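One letter stands for each residue in the lines below.
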Amino acid sequence: MASSLSQTIFFSILLLLSLHQAYAKKTHLHFYFHETILGPNATVMTVVRAPNSTSDALAFGAIAVVDDILREGEDENSTLIGRCQGLVAEVGLDGSRETLQNFVFTDGKYNGSTLAVHGKHVSATKMETLIIGGTGLFRMTKGYTIGIPLLITDSKVIYEFDVYVWHMEMKDD
C-alpha cells in the first residue's frame, strides 16, 4: 500500500514537471555585461581579502560584491537594461570563482523582473551558469546563461551574454 502511494506521488510529480515543460515559454535574451574594476565608478569591490594576499585583487579565499551594468550593446553608451548584483568568491586554487548573482532588469519588457544566476567561472574563459529562479515575468523559471569574454583589462571587463530561460510568463495579480 505504501509502495502504491509512493508511486502515485512520484508519477504526479513527473506529470507536473512535464506539464511545466509543455507550457513553459522559452525566452532568449542577449545583452552585454560591463564591469569597471578600478576608479571612483568601480562596480566590483573586494569585501573580504584573502588571508595570504597583499592586495585587494581577488585571490583564493577572497569575496567580492558586484553591481555591474547590463547593456544592449558592447559600447558603454548603449542602452542600459539592468544591473548584475551579487557575490563572487574565489574558491579554487585554479582561479575559479563561485558566483551568486541577480540580473535585475530596469528597462524594456522585463523591467522589474529578475533572474537568479549561480555557477562556477574561471576568469577570461567562456562562462556557463545556471538560472535557479526569477521574479516578475520570470517566476517559475529555469535555464542557463553563456557568457563570452570580449574585453578583459586591468580596469574593465565586458562579456557578451546569451540567456536561455524557460518560464511561466505571469502577470502581476
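- For the protein chain, an unreviewed UniProt entry supplies the name Dirigent protein and the organism Rhynchospora pubera.
- As recorded by UniProt, the Subunit (unreviewed entry) comment attached to the protein chain reads in full: "Homodimer."
- Regarding the protein chain, the UniProt comment filed under Sequence similarities (unreviewed entry) reads as follows: "Belongs to the plant dirigent protein family."

### Overview of the side chain of Thr43
Alright, step 1. Here Thr43 is to be found in the loop between β1 (25–36) and β2 (44–48).
Alright, step 2. Using a relative accessible area of 9% as the deciding quantity, one classes Thr43 as buried.
Alright, step 3. The residues contacting Thr43, other than those within four sequence positions of it, are His34, Glu35, Thr36, Val65, Val66, Asp67 and Asp68.

### Digging into the environment of Tyr164
Alright, step 1. Mapped onto the elements, Tyr164 comes out in strand β9 (residues 156–167).
Alright, step 2. By relative accessible area, which is 19% here, Tyr164 ends up buried.
Alright, step 3. Separated by 18 residues in the primary sequence, Tyr164 and Ile146 have C-alpha atoms spaced 8.5 Å apart.
Alright, step 4. Residues in contact with Tyr164, not counting those within four places in the same chain, are Lys26, Thr27, His28, Ile131, Lys142, Gly143 and Tyr144.

### Overview of the nonpolar core
Alright, step 1. Among the nonpolar cores identified, the biggest contains 20 residues, and Leu29, Phe31, Phe103, Phe105, Leu115, Phe161 and Val163 are the most heavily contacted of them.
Alright, step 2. The set of elements that each furnish at least two residues to this core consists of β1, β4 (80–90), β5 (96–105), β6 (114–122), β7 (127–135) and β9.
Alright, step 3. Here this core takes 5 residues from β9, the largest share from any one element.
Alright, step 4. When sequence neighbours within four positions are dropped, the list of residues in contact with Leu115 reads Leu29, Gln101, Asn102, Phe103, Phe105, Ile131, Gly133, Gly134, Phe138, Thr141, Val163 and Val165.

### What about the layout of surface pockets?
Alright, step 1. There is about 570 Å³ of room inside the largest pocket.
Alright, step 2. Around the largest pocket sit 23 residues that line it, and Glu35, Ile37, Val44, Leu58 and Arg97 are the ones nearest its centre.
Alright, step 3. When residues of the lining of the largest pocket are traced back to their parent elements, those giving at least two are β1, β2, β3 (63–71), β5 and β9.
Alright, step 4. The residue inventory of the lining of the largest pocket, partitioned by class, reads 14 nonpolar, 5 polar and 4 charged.

Basis of the calculations
Residues numbered from 1 in each chain as written. Predicted model: local features only at pLDDT ≥ 70, side-chain atom pairs only at ≥ 80, totals over all residues. Heavy atoms only, no water. UniProt positions renumbered as here; feature names shortened; annotations may be inferred. Helix = DSSP H or I, 4+ residues; strand = E, 2+ residues; numbered from the N terminus. Buried < 20%, exposed > 50% of the residue type's maximum accessible area, 1.4 Å probe, protein only. Contact = heavy atoms within 4.5 Å. Core = buried A, V, L, I, M, F, W, Y, C linked by side-chain atoms within 4.5 Å. 1 Å grid on protein atoms, 1.4 Å probe; cavity = no way out; pocket = protein on both sides within 12 Å on 5 of 7 lines; lining within 4 Å. Points joined across faces, edges and corners; volume = space filled by probe spheres on them. Nonpolar A, V, L, I, M, F, W, Y, C, P; charged D, E, K, R; others polar.

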